[in-house]
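Geometric and topological summary
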Amino acid sequence: MNNSKKQNDVALERVKQSIKDLKENKFTFYFFVVDCKNVPNGNIAYIYEMAKTLKDKGYNVKMLYQLEDEYTEAEIYKLKKKDEQIDMRRVFVGVKEWLGNEYASLPHMNISTEEWTVSPSDFLFIPEVFSSLMFETYKHKIPCKRYVILQNYDYVTEFIPLGVEWKNYGIYDAITTSEKQSEMIKNVFPYMKTNVLSPHISEEFRKPIMPKKLVVNIVSKEQKDINRIIKPFYWKYPMYKFISFRDIRNFPHEKYAELLKEGIITVWVDKETPFGYSALEAMRCDNIVIGKIPETVPEWMEDNEGIINNGLWVYNINDIPDVLAKAIASWMQNSVPSQLIDDMTNTNKRYTLDEWNKNIDKVFNNIIDEQMNTFIEVQQTIEQNNK
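What you see is a predicted model; the values in this text were computed from it and never measured.

1. Remarks on the pairing of strand β7 (residues 193-196)
Bridge count for strand β6 (residues 173-176) against β7 is four bridges, and the pairing is parallel. The residue of β7 that forms the bridge with Ala 174 is Thr 194. Note that the unit made of β6, helix α8 (residues 179-188) and β7 has a crossover that is right-handed.

Following this line, the structure appears as structure tokens:
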């Protein structure tokens, strides 16, 4: 009996300390990321934006990654001094050249080589693709609260093992980027509690001051899709040979925004995206957007009546050259449909920085409060048992 009372007292002190840490912001938000090697990626940007915003609001944040046999700074210095080749597979490159130093300078930790100590008042956020990390943290009984960051439901079905679901990893909470993603995960895992935190479009993407050039920007993950658009366009409409196409993949953030501002039209093809950052960024830069409708239609592309007119949308990529020719003619004749302009304007009012800041406060205050209430309930239970 005395031993049981002693264990209860120890547990009670830990719970009280956790409540105190939450009240005093003495906890850490951990975000697991993969090294994108400076290649632009909307999913990675969303996580870094979340972490940076929370850090700016005064919270402790740390980015976690796994890299076996990572070089030390001394080893890299020695290799450079000897002018020997550096194995980039052993280097965490990060996002500096793409997102900038303010994101790259967030605290990072390699959990493969550094000791990682977690307290019950901490929070760990795991992207939906990392089922292995969900399992490892469950197996080793990591004491902190764990959340899934769900940006693409398709990744859940792709990476989770057959016959396994998130509750098998002890995970019942997620942050999603849209109500649609929330509904999709609850349809298969009805026990999940979700907080929706829609992304925001950076204020770098805005209407240009300088006159536009007769340039069509094109954004696609697949070179073959770019060829299926540009080549038939020139074959069918030789009178538009003076129109230049520009592939704007993989540019740093600022340069990418600058190129969008210069163009009149952006052609966008990404059949797997659940959100569609590139299309929204192009609209903000006053581009007419022509695109193939993705398999999962983004929430900003439809309403209760179906697909809306905030872009020139097609179901078949082979239709894009013809739509593009008509859009160029309309732009040159200053006869772009008013409905298109109005719907683009309304879409541009969504996903602002102000909305992001308001929503991130709401979501993370809710997350902290829920954990606080859990600890308070545990405290009350232990105290009742002691009586």
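2. Description of the packing of aromatic side chains
Evaluation of the coordinates by the stated rule reveals 31 aromatic pairs. With a centroid separation of 5.4 Å and an interplanar angle of 55°, the aromatic rings of Trp 166 and Phe 189 are classed as tilted. Of the two residues, Trp 166 sits in the loop between α7 (153-159) and β6 while Phe 189 sits in the loop between α8 and β7, which places them 23 residues apart along the sequence. Since its relative accessible area comes to 0%, Trp 166 is described here as buried. Exposure remark for Phe 189: the relative accessible area of 8% places this residue in the buried category. Considering the side-chain rings of Phe 205 and Tyr 256, the 5.8 Å spacing of their centres and the 75° angle between planes classify their relative orientation as edge-to-face. One end of the pair, Phe 205, is in the loop between β7 and β8 (215-220); the other, Tyr 256, is in helix α10 (residues 253-262), and 51 residues separate them in sequence. An identical accessibility class is assigned to Phe 205 and Tyr 256; each is buried. Above the plane of the ring of Tyr 103 lies Lys 52, whose end atom (NZ or CZ) is 5.6 Å from the centre.

3. Digging into a negative patch on the surface
Taken together, Asp 154, Glu 158, Glu 222, Glu 272 and Glu 295 make up a surface patch of like negative charges. Within the secondary structure, Glu 222 is located in the loop between β8 and α9 (223-236).

4. Details of the pairing of strand β4 (residues 123-127)
For β4, the tally of buried residues reaches five of five residues, placing the bulk of the element in the interior. Side chains of β4 alternate between two faces, with Phe 123, Phe 125 and Pro 127 and Leu 124 and Ile 126 buried alike. Where strand β1 (residues 28-32) meets β4, three bridges bridge the pair, whose relative direction is parallel. Residue Phe 29 lies in a different strand from β4, and its bridge partner there is Phe 123. By the bridge criterion, five bridges tie β4 to strand β5 (residues 145-150) in an arrangement that is parallel.

Rules used in this analysis
- Residues numbered from 1 in each chain as written.
- Predicted model: local features only at pLDDT ≥ 70, side-chain atom pairs only at ≥ 80, totals over all residues.
- Heavy atoms only, no water.
- Pairing = 2+ DSSP bridges.
- Helix = DSSP H or I, 4+ residues; strand = E, 2+ residues; numbered from the N terminus.
- Right-handed = clockwise from strand over helix to strand, strands pointing away.
- Phe/Tyr/Trp six-rings, centres within 6.5 Å; stacked < 30°, edge-to-face > 60°.
- Buried < 20%, exposed > 50% of the residue type's maximum accessible area, 1.4 Å probe, protein only.
- Lys NZ or Arg CZ within 6 Å of the ring centre and 35° of its normal.
- Patch = residues over 30% accessible without salt bridge, like charges linked within 9 Å, V, L, I, M, F, W, Y side chains within 5 Å.
- Areas by Shrake-Rupley, 256 points an atom, 1.4 Å probe, with all protein chains shown as cover.
- Salt bridge = Lys/Arg side-chain N within 4 Å of Asp/Glu carboxyl O.
- Lys, Arg positive; Asp, Glu negative; His and termini not counted.
- Charge placed at Lys NZ, Arg CZ, Asp CG, Glu CD.

Scope: geometric values only; no functional claims are made or implied.
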